[in-house]
Amino acid sequence: MTRWTKPGQRVLSAHAWLFFLFLYAPIMMLVIYSFNANTVSMMTWSGFTFDWYLRVFANLGLISSDRAFVGSENLQLYSDPALGRSLKSTLIVGFTSATLATIIGTLTAIGLDRYNFWGRKAYQAFLLVPIVIPDIVLGLALLVFLSAISFPLGRISVILSHTIFLSSYVTIVIGSRLAGMDRSLEEASADLGARPLTTFRRVLLPQLTPALVGGFLLALVISFDDLVIAFFTSGVGSTTLPVFLFSAIKRNVSPEINAIASLMIFVSTAIVALALFVRRPKTTEN
Amino acid sequence: MTAAAPPARNTGKPRKWVGPLITLGPGMLMLLALFLVPIALVTIYSVLTGDTYGGVKWELSPAAYKRLVGMPDLEELRDTWEFVYLWIIIKSIGLAAVTALLALIVGYPAAYYIARRGDKQKYFLLFLVTLPFFANALVRMYAWILILRKDGILNNALQGMGLIHEPLQMIYTPGAVAVAMLYQYLPFMVLPLFASIEKLDGSLIEASFDLGARRFTTFRRVVLPMTMPGVVAGLVLVFVPALGNFVAPTLIGGGKDLYLSTLLAQAFLTARDWPFGSAVATFLSVVVVLALLAIAMSNGERKAGAPQS
Amino acid sequence: MSRMKSLLAAAFGTAMVALVTPASAADQLNLYNWTVYINPEILTDFTKETGIAVNLDNYGTNEEMLAKIQAGATGYDIVFPSVHMQDIMTTLNLLQPAGIKDMKGYENIDQKYFLSKTDTDHNNCLPYNRGSSGLMYNKKLIGDTPVDTWKVVFDPPENLKGKIAMLDDMRELIGAALMYNGHSINSTDPKELMEARDTIIKAKPYWAALLTDGIGDKVVNGDFVVAQWWSGTVIQTMDTKPDVIGYAIPKEGTNGFQEDMCILATAPDVDSAKKFFEYMMRPEVNAKNTNWLRGWSTNKAALPLIDKALTSNPSIYPDDETFKRLQVLSDVGDKIKLYDKVWTSVKSQ
């Protein structure tokens, strides 16, 4: 620790507090207001209710929709059944593209780690581009391309589009794990005469498992989040949840959106927590 | 396996290319087919002629870039220079730059604070910083709508405290867009900064104090230069996505102003002018590549030279 | 152990493929419609009656829909373009005639709603919904300002400055300015368009925002006092606050928009689509939908079933005099470039 006089330290602390407040206040506020019973003026607190969440669940067919909810008489607070479909699309697209991305991204990371070839560093840097490039440019380029080759727009087009940039994320995650990994086990396996594929399957893969799971979950969350690329490359029956939410927000700021939004926050947080739990430093071997 | 010699280490030498092919092949193929080709296609489209209802005709034409730059073009009824699009570019770059700078100002002290904590606290705080990033971006933008609306939380709070009597018009202003984007990209600034600050050699700072330098001088001449790679990385990682951000200007900006992102969407969707849209997209791509080069070069200098003073 | 793993992997893979491939069941109807633009009960009723599952996807503007269809969003059966977009799509061979002349209930369709220039036979598409793009206003805050003229938004009085919202739609906004200046909503005269551009630029500082949605509740709570919006959604808001919300059709003219229901050339299930057309032509179905949409029924036999509250309001069901104020958007072909030029100028200053 450096020698800082007290005022300097206090200012830094205060700033840090405000910083985290700034970061979390909007989200917390969103969650709080999702329990607001006021159906007319969303910003005025008029009581606690679970009804917005119940409406969402009813919409998804998880509970019966026969009960009278808060605000049922207000036609403007229209509960769009497309919610369920978009959720299904989001899940399918997410799991599929995350799986593909994990496979491709891991292979690429291993290749970059193990083999030295001309242009390796450049390729490594180039892998960052799909992540950094503004998603609207990528989304439009993909739309232009898919249209040029007459590829039908639908779930598959969204999955392919997501896989591109998700792979780069996975490569980074696996790559950093590989960089810090002990090669001696693999070398021992090769010394014992195992074929490279066997070494890969029974030595390397188990060692990578936490990173694989972490990478997969990271890809999953990012796919769930994507709006712009899905917006441009989606077709029949592949409207994802963010795309649905985007048009719902523009249309009419209904308190039900608060409930949907809060649920999404909760799910994302749970996934990330799970990812970290899986990657926690183990006390056994390695 | 012959019994004579000890089992040879199996390195698969005869098929040396199999390993690289299997591991790197899929990724490269995908990158080529689903990234390079589409971007290249867009770049090509930018120099073709547009079809009436969208799409392109395969005839070369500089019209799209001429329009972007504002050159007179009689076929498009432009008899003098018009800087509408250049102005949009400047506005967008300005907004993205302001967002990046704000992120730096807000993020640097926070990153410093976190980096100087003990190990356990450090990573926990870092986790706290990145966690909001995983909440859906759209959702977080939406939260700001609720805060900034005329009947929103901020206005209600200010009125409740008696500081203002009439609600302020906060949403639908460029400032609001900047704040929303700041919120969005703050983790992108804090993480690289943290990485850089963590590597700081405390003894150099101590030495600076020992030599009698005051805090600000120490910061300016020791800390800042040594964390410059983190600063550059952070600035670029905020600037580039902010430049292309589509949701913030649409939801929070109120549609009154055009930025590069909304211009892109409009060119392709509303005006169906694909060459022009492609020109804008190409321009954005070039900016991205330049920005990444900036990071690469700054890292390169860092590795090559001794610590700057 | 590893055989189990490979078995699991194979099962996982098969499940993935199965989930990923869209259900290409023969009895599935895929609709592509504006957001919140069809009564969901109609769809469930249709499924109950025919057993055909209905899938509904949404778009926000005509252009967005066209871009998607052109780019290859095959798999949709029915779309709901505005009339001028229908003409564009017909020119691009994106539609196929639905053959409504041969369908039961054709005689109920009011012929005056066949506005499409490319559908001279009145056979290709079914007129779906008609409305107007007028001015929604807050009755309590408007004061004495006359609201049946575009002047209230293009040259607003002091107390309304900053409390106006206009449509973030190129043809709608420029059209309003054109009509305010006494020209046609479909003008392609560069001088008239430049004049419209200047009118908009002059008035823009007095507007709070350009939006297409989320306008209703802001007029209710007074954030906006006047807003340009589509009649159907205005009336849906009016239903919840009849003493606060009012609607007016400006005397200089307004866009009398109309959407038609059309079958795409690449429609996978034309039979189900045609069954849906016949279903929609039934008076009671049309009435149920129109009552929900708050629009004008295009079906003469359905008129008696429409909500009296709607039919008696001249701003919503216009009398002949008001009807004359309505102009209909038509495709301007190549000249869209001029509009785009104006739109970009307007948006970036």
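S.K.: What should I look at first to understand the overall build of chain C in this one?
M.R.: Tallying secondary structure elements over chain C gives 14 helices and 13 strands in all. The C-alpha atoms of chain C give a radius of gyration of 22 Å, which matches the 20 Å a tight globule of 349 residues would have. When its C-alpha atoms are laid out on the principal axes, chain C stretches across 80 × 55 × 40 Å. Counting only residues that meet the buried cut, chain C has 50% of its 349 residues in that class. Put simply, 75% of the contacts in chain C that link residues at least 6 apart link residues at least 24 apart.

S.K.: Any chance you could explain the overall build of chain A here in plain terms?
M.R.: Scanning chain A from N- to C-terminus turns up twelve helices and zero strands. Ordered by position from the N terminus, the helices and strands of chain A form the series α-α-α-α-α-α-α-α-α-α-α-α. In chain A, which comprises 286 residues, the share counted as buried stands at 48%. Residue pairs at least 24 apart in sequence account for 77% of intrachain contacts in chain A once pairs closer than 6 positions are excluded.

S.K.: Would you mind showing me how to read the interface of chain B and chain A here?
M.R.: When the parts of a complex come together, some accessible area is lost, and that lost area is often used as the size of the interface. With 72 residues of chain B at the interface, the matching set in chain A holds 68 residues. With 16 residues, the top contributor of residues to the side of chain B that touches chain A is helix H1 (residues 18-45) of chain B. Tallied by class, residues from the side of chain B that touches chain A come to 52 nonpolar, 14 polar and six charged.

S.K.: Sorry, what's going on with the domain arrangement of chain C here?
M.R.: Residue and element names in this part refer to chain C. Each domain of chain C was delimited in the assignment, giving domain 1 (8-130 + 257-317) and domain 2 (133-255 + 325-348). With 16 residues of domain 1 at the interface, the matching set in domain 2 holds 16 residues. The dominant element in the side of domain 1 that touches domain 2, judged by the number of residues it contributes, is helix H4 (residues 83-91), at four residues. A breakdown of the residues in the side of domain 1 that touches domain 2 according to their chemical character gives six nonpolar, seven polar and three charged.

S.K.: Would you mind showing me how to read the environment of C:Glu158 here?
M.R.: Residues and elements named next belong to chain C. Structurally, the position occupied by Glu158 is in the loop between helix H5 (151-154) and strand S7 (164-167). Judged by the 7 C-beta atoms lying within 10 Å of it, Glu158 falls in the exposed class. Along the sequence, Glu158 and Tyr206 sit 48 residues apart, while their C-alpha atoms lie 9.3 Å from each other.

S.K.: What should I look at first to understand the environment of C:Val152 in this one?
M.R.: Residues and elements named next belong to chain C. Looking at where Val152 falls in the secondary structure, it is placed in helix H5. Given 21 C-beta atoms within a 10 Å radius, Val152 is considered buried. A sequence separation of 145 residues divides Val152 from Ser297, and the C-alpha atoms of the two residues are 30 Å apart. Contact partners of Val152, with chain neighbours within four places excluded, come to Leu135, Thr145, Pro146, Val147, Leu160 and Val226.

S.K.: Even after reading the chapter, I still don't get the pairing of strand S8 (residues 207-211) of chain C, so can you show me in this structure?
M.R.: On any regular strand, side chains alternate: one points to one face of the sheet, the next to the other face. All names here are of chain C. Among the five residues in S8, five count as buried, and that is most of the element. Pairing analysis gives four bridges linking S7 to S8, with the strands arranged parallel. Bridge pairing in S8 places Leu167 opposite Leu211.

S.K.: Would you take a moment to explain the interface of chain C and chain B for this structure?
M.R.: Contact with chain C, which involves 26 residues of that partner, is made by 24 residues of chain B. Secondary structure elements with two or more residues in the side of chain C that touches chain B: helix H3 (62-71), S8 and helix H14 (336-348) of chain C. Among the residues forming the side of chain C that touches chain B, the class breakdown is ten nonpolar, seven polar and nine charged.

S.K.: When you look at helix H6 (residues 135-148) of chain A in this model, what are you seeing that I'm missing?
M.R.: Helical periodicity: at 3.6 residues per turn, an α-helix aligns residues three or four positions apart in one direction. Residue and element names in this part refer to chain A. Here H6 contains 14 residues, and its C-alpha end-to-end distance of 20 Å stays within 8% of the 20 Å for a straight helix at 1.5 Å per residue. Along H6, 13 of the 14 residues are buried, which leaves the element largely enclosed by surrounding structure. Looking one or two residues past H6, Ser150 carries a phi angle of roughly 55°, positive in sign.

S.K.: Explanation requested: unusual backbone geometry in the structure shown.
M.R.: Residues other than glycine predominantly adopt negative phi, and peptide bonds predominantly adopt the trans conformation. Look at B:Tyr172: it is not a glycine, yet its phi comes out positive at around 65°. Structurally, B:Tyr172 can be placed in the loop between helix H6 (153-160) and helix H7 (174-198). Under the C-beta neighbour-count criterion, B:Tyr172 is labelled buried, with 23 such atoms within 10 Å. Although it is not a glycine, C:His122 sits at a positive phi angle of roughly 60°. With respect to the helices and strands, the residue C:His122 is situated in the loop between strand S4 (95-96) and strand S5 (126-130).

S.K.: What's the story with the confidence of the model for chain C in this structure? I'm lost.
M.R.: Atom-level detail of predicted coordinates should not be read off regions where pLDDT is low. Residue and element names in this part refer to chain C. For chain C, the mean per-residue pLDDT works out to 85, and 92% of the residues sit at or above 70. The least confident element of chain C is helix H1 (residues 2-20), whose mean pLDDT is 54; the most confident is strand S3 (residues 78-79), at 95. Listed scores for the predicted complex are pTM 0.81 and ipTM 0.79.

S.K.: How should the packing of helix H5 (residues 137-148) of chain B against H7(B) be read in this particular structure?
M.R.: Each pair of packed helices gets described by two things: the angle between the helix axes and the distance between those axes. Residue and element names in this part refer to chain B. Where H5 contacts H7, the axes come no closer than 10 Å and their chain directions differ by 140°. It follows that H5 is oblique to H7 by the angle criterion. The two elements H5 and H7 cross, and the hand of that crossing is right-handed. Between H5 and H7, the contacting residues are Ala137, Arg140, Met141, Trp144 and Leu148 on the first element and Ala176, Ala180, Tyr183 and Gln184 on the second. For the contact of H5 with H7, the class distribution of residues is seven nonpolar, one polar and one charged.

S.K.: I'm lost on helix H12 (residues 260-270) of chain B in this one. Help?
M.R.: All names here are of chain B. Taking burial as the measure, the eleven residues of H12 include eleven buried ones, the bulk of the element. Taken residue by residue, H12 has Leu260, Ser261, Thr262, Leu263, Leu264, Ala265, Gln266, Ala267, Phe268, Leu269 and Thr270 as its buried positions. Positive phi shows up at Arg272, right after H12, with a value of about 50°.

S.K.: How should I be thinking about the packing of helix H8 (residues 202-210) of chain B against helix H9 (residues 215-226) of chain B in this particular structure?
M.R.: Residues and elements named next belong to chain B. Across the interface, H8 lies against H9 with an axial gap of 10 Å and an inter-helix angle of 145°. Crossing handedness for the pair H8 and H9: right-handed. Two secondary-structure elements touch here, H8 through Leu204, Ile205, Ser208 and Phe209 and H9 through Thr218, Val222 and Val223. The residue inventory of the contact of H8 with H9, partitioned by class, reads five nonpolar, two polar and no charged.

S.K.: Whenever I open this one, the pairing of strand S1 (residues 28-34) of chain C confuses me. Can you help?
M.R.: Residues and elements named next belong to chain C. By the criterion of burial, S1 is predominantly enclosed, with five of the seven residues buried. When S1 meets strand S2 (residues 53-59), the two strands line up parallel, connected through seven bridges. When the sheet's bridge partners are listed, Leu31 is paired in S2 with Leu56. At this point the chain moves from S1, through helix H2 (residues 40-50), to the parallel S2, and the crossover so formed is right-handed. Of the strand pairs in this sheet, S1 and S3 are connected by two bridges, and their pairing is parallel. Bridging from a neighbouring strand, Leu31 pairs with Ile78 of S3.

S.K.: I keep staring at the environment of A:Ala179 and nothing clicks. Help me out?
M.R.: Residue and element names in this part refer to chain A. Position of Ala179 among the secondary structure elements: in helix H7 (residues 155-179). Residue class for Ala179 comes out exposed when judged on the 10 C-beta atoms lying within 10 Å of it. Linking Ala179 and Ala109, residues 70 residues apart in sequence, is a C-alpha distance of 9.7 Å.

What counts and what doesn't
- Residues numbered from 1 in each chain as written.
- Chains lettered and ligands numbered in written order.
- Predicted model: local features only at pLDDT ≥ 70, side-chain atom pairs only at ≥ 80, totals over all residues.
- Helix = DSSP H or I, 4+ residues; strand = E, 2+ residues; numbered from the N terminus.
- Rg over C-alpha atoms; globule rule 2.2 N^0.38 Å.
- Buried ≥ 20, exposed ≤ 12 C-beta atoms within 10 Å, placed from the backbone.
- Contact = placed C-beta atoms within 7 Å.
- Nonpolar A, V, L, I, M, F, W, Y, C, P; charged D, E, K, R; others polar.
- Domains from an automatic or database assignment.
- Pairing = 2+ DSSP bridges.
- Expected span 1.5 Å × (residues − 1).
- pLDDT = per-residue confidence, 0-100.
- Axes fitted to C-alpha atoms, helices over the stretch in contact; angles between N-to-C directions.
- Parallel < 35°, antiparallel > 145°, perpendicular 65-115°, else oblique.
- Left-handed = near helix turned anticlockwise from the far one by under 90°.
- Right-handed = clockwise from strand over helix to strand, strands pointing away.

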